[in-house]
Amino acid sequence: MIPELWTCIFSVLFYYVHGAKLPEPEVKIEVLYKPFLCHRKSKYGDILLVHYEGFLESNGTMFHSSRHHGDKNPVWLTLGIREVIKGWDMGLQGMCAGEKRKLTVPPALAYGKEGKGKIPPESTLIFDIEIIEIRNGPRSHESFQEMDLNDDWKLSKAEVKEYLRKEFERHGYAANDTHHEVMVEDIFQKEDEDNDGFISAREFTYKHDEL
Ligand SMILES: [Ca+2]
Ligand SMILES: [Ca+2]
């Protein structure tokens, strides 16, 4: 068969496989301030200290400000485990301490059809968020042993995925295979420094991105 025809068939197949899907909802990210010095960037599993203001896109109403409401302290959160809305898990990655971002979060990545408290159903939300501090998530010897199910002193992708599934359940969220696989790939890309397909105890314990 002539190559052009193959290309044509492939394009048609590609259209049917990918074109039929609804577009994934996205967070719009605007960087308002980026510090000159950045020793490390936020990633899945990090613990972040943030100050934020949240607004309704529809009429500009501020529904929360961590600086003015409650105890007026910044808030701690763990990134990437759905402790916060999806829009934050997606929009707060790769940030430096001191960086400020404006996130525009569609309802599907925020409080959806239900809304919550002062937030009406189907609201697009706008957040001004400043990261005050970034800390490593738990990287103790104990948590490594807990993850290393077959005790071979290295973590396979299956073991990390199983750990994520348990963590999600522990926090009261339904397990999500596709989401976990994306997270596992992201984790291995950053942690498996010698690319052997496993995270060794050494790779797990020592943080090189802070040097
Ligand atoms: Ca293992
Ligand atoms: Ca490795």
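The structure this text deals with has already been given above.
Residues numbered from 1 in each chain as written. Chains lettered and ligands numbered in written order. Predicted model: local features only at pLDDT ≥ 70, side-chain atom pairs only at ≥ 80, totals over all residues. Heavy atoms only, no water.

Explain the overall build of the protein chain to me, and be specific about the residues and the numbers.
If you tally the helices and strands in the protein chain, you get 6 helices and 8 strands. The burial tally for the protein chain puts 37% of its 211 residues in the buried class. If you sum the accessible surface of the protein chain, you get close to 13,000 Å²; carbon and sulfur atoms cover 56% of it. (Helix = DSSP H or I, 4+ residues; strand = E, 2+ residues; numbered from the N terminus. Buried < 20%, exposed > 50% of the residue type's maximum accessible area, 1.4 Å probe, protein only. Areas by Shrake-Rupley, 256 points an atom, 1.4 Å probe, with all protein chains shown as cover.)

A description of the coordination of the calcium ion (ligand 1) should follow, citing residues and the corresponding values.
For the calcium ion (ligand 1), the protein coordination sphere consists of Asp148 (OD), Asn150 (OD1), Asp152 (OD), Lys154 (O), Glu159 (OE) and Glu159 (OE), at 2.3 to 2.6 Å. Each of the 6 donor atoms around the calcium ion (ligand 1) contributes to a set of angles spanning 52 to 156°, which defines the coordination as irregular. Counting residues between consecutive donors of the calcium ion (ligand 1) along the chain gives the motif D-x1-N-x1-D-x1-K-x4-E. Residue classification places Asp152 among the partly exposed positions, given a relative accessible area of 30%. (Donors = N, O, S within 2.8 Å, 3.2 Å for Na, K, Ca; no water. Tetrahedral: all angles 85-135°; square planar, octahedral: opposite > 155°, others 65-115°.)

Give me the lowdown on the state of the cysteines, citing residues and values where you can.
Counting across every chain of the model gives 1 disulfide. One disulfide bridge connects Cys38 with Cys96, the sulfur atoms lying 2.2 Å from each other. Since a negative S-S torsion denotes a left-handed disulfide, the Cys38-Cys96 link at about -100° is left-handed. Within this pair, whereas Cys38 is found in the loop between strand 1 (28-33) and strand 2 (47-56), its partner Cys96 is found in the loop between helix 2 (86-91) and strand 5 (100-105), the two being separated by 58 residues in sequence. Since its relative accessible area comes to 31%, Cys38 is described here as partly exposed. (Disulfide = S-S within 2.5 Å.)

Would you mind going over the packing of helix 4 (residues 157-170) against helix 5 (residues 177-191) in detail, with residue names and values included?
Viewed as axis vectors pointing N to C, helix 4 and helix 5 meet at an angle of 125°, and their least axial separation amounts to 9 Å. Taken together, the axes of helix 4 and helix 5 are oblique relative to one another. Regarding helix 4 and helix 5, the two cross each other, and that crossing is right-handed. Of the residues in helix 5, those in contact with Lys157, Val160, Lys161, Leu164, Arg165 and Phe168 of helix 4 are Asp177, His179, His180, Glu181, Met183, Val184, Glu185, Ile187 and Phe188. Class assignment for the residues of the contact of helix 4 with helix 5 results in 7 nonpolar, 2 polar and 6 charged. (Axes fitted to C-alpha atoms, helices over the stretch in contact; angles between N-to-C directions. Parallel < 35°, antiparallel > 145°, perpendicular 65-115°, else oblique. Left-handed = near helix turned anticlockwise from the far one by under 90°. Contact = heavy atoms within 4.5 Å. Nonpolar A, V, L, I, M, F, W, Y, C, P; charged D, E, K, R; others polar.)

Just give me the short version of the nonpolar core, but keep the residues and values in it.
Membership of the largest hydrophobic core comes to 23 residues, with the highest contact counts inside it found for Trp88 and Phe127. Those elements giving two or more residues to this core turn out to be strand 2, strand 5 and strand 6 (125-135). The contact partners of Phe127, leaving out residues within four places of it in the chain, are Tyr52, Glu53, Gly54, Phe63, Ile85, Trp88, Arg101, Lys102, Leu103 and Val105. One finds Tyr44, Leu164, Ile187 and Ile199 within the second-largest nonpolar core, a separate group that totals 14 residues. (Core = buried A, V, L, I, M, F, W, Y, C linked by side-chain atoms within 4.5 Å.)

For the coordination of the calcium ion (ligand 2), give the residues involved together with the corresponding values.
Each protein donor to the calcium ion (ligand 2) is listed here as Asp192 (OD), Asp194 (OD), Asp196 (OD), Phe198 (O), Glu203 (OE) and Glu203 (OE); together their distances run 2.3 to 2.7 Å. Because the angles between the 6 donor atoms bound to the calcium ion (ligand 2) fall within 50 to 156°, the donor set is best described as irregular. Written as a sequence motif, the donor residues of the calcium ion (ligand 2) are D-x1-D-x1-D-x1-F-x4-E.

Explain unusual backbone geometry to me, and be specific about the residues and the numbers.
With a phi angle near 55°, Asp151 is a residue other than glycine that sits in the positive phi range. Here Asp151 is to be found in the loop between helix 3 (141-147) and strand 7 (154-155). Using a relative accessible area of 58% as the deciding quantity, one classes Asp151 as exposed.

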